[in-house]
Amino acid sequence: MLLHIGEEAVIQQKEIVAILDYRALESSELMSAFLRQHKEMKSMVNLCHTNHHPKSVIITKEHVYISPLSSITLKKRAGERIDFAHSWYVK
């Protein structure tokens, strides 16, 4: 299943390792180092434009995404299943 994580970005749910609240991570030195390392390695994708503040961090096997959507919103979206090919929706 696909998950819309902000802006025009969509990723496979099976690739997600963790979805974390950005504000909870701001005070963590370990997480700051983790994000800095991924930024240097060019594996970080920042989906927040100047007028959007980061609300969540999505960690996948290949990338780290900084999203303007809250972790709660992403969790709700991940729990909803939509099959466009067969026109059914499960909540």
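From a predicted model like this one, the values you see are computed outputs, not experimental measurements.

Conventions and cut-offs
- Residues numbered from 1 in each chain as written.
- Predicted model: local features only at pLDDT ≥ 70, side-chain atom pairs only at ≥ 80, totals over all residues.
- Heavy atoms only, no water.
- Buried < 20%, exposed > 50% of the residue type's maximum accessible area, 1.4 Å probe, protein only.
- Helix = DSSP H or I, 4+ residues; strand = E, 2+ residues; numbered from the N terminus.
- Pairing = 2+ DSSP bridges.
- Axes fitted to C-alpha atoms, helices over the stretch in contact; angles between N-to-C directions.
- Core = buried A, V, L, I, M, F, W, Y, C linked by side-chain atoms within 4.5 Å.
- Contact = heavy atoms within 4.5 Å.

Regarding the pairing of strand β5 (residues 56-60)
Remark: a regular strand shows side chains that alternate across the two faces of the sheet.
Piece 1. Counting buried residues along β5, five of its five residues qualify, which places the element largely inside the surrounding structure.
Piece 2. With burial as the criterion, each face of β5 is covered, one bearing Ser56, Ile58 and Thr60 and the other bearing Val57 and Ile59.
Piece 3. Of the pairings in the sheet, the one linking strand β3 (residues 16-21) to β5 comprises five bridges and is antiparallel in character. Within the sheet, the bridge partner assigned to Asp21 lies in β5 and is Ser56.
Piece 4. Of the strand pairs in this sheet, β5 and strand β6 (residues 64-67) are connected by four bridges, and their pairing is antiparallel.

Here's the deal with the sheet that holds β3
By definition, the strands of a sheet pair up through backbone hydrogen bonds, in either a parallel or an antiparallel sense.
Piece 1. Taking strand neighbours across the sheet as the criterion, the four strands line up as β3-β5-β6-β4 in an open arrangement whose pairing is mixed. Each edge of the open sheet carries a strand with a single partner, namely β3 and β4 (44-46). This sheet shows a mean twist of 15 degrees between the axes of neighbouring strands, independent of strand direction.

Brief notes about the nonpolar core
Piece 1. One finds Leu3, Ile5, Ala9, Ile11, Leu47, Ile58, Tyr65, Leu69 and Leu74 forming the largest nonpolar core, which totals nine residues.
Piece 2. Those elements giving two or more residues to this core turn out to be β1 (2-6) and β2 (9-12).
Piece 3. Beyond its immediate stretch of four places on either side in the chain, Leu3 contacts Ala9, Val10, Ile11, Gln13, Ile16, Ile19, Leu74, Arg77 and Ala78.
Piece 4. Within the second largest apolar cluster, eight residues are counted, among which are Leu25, Met31, Leu35 and Val64.

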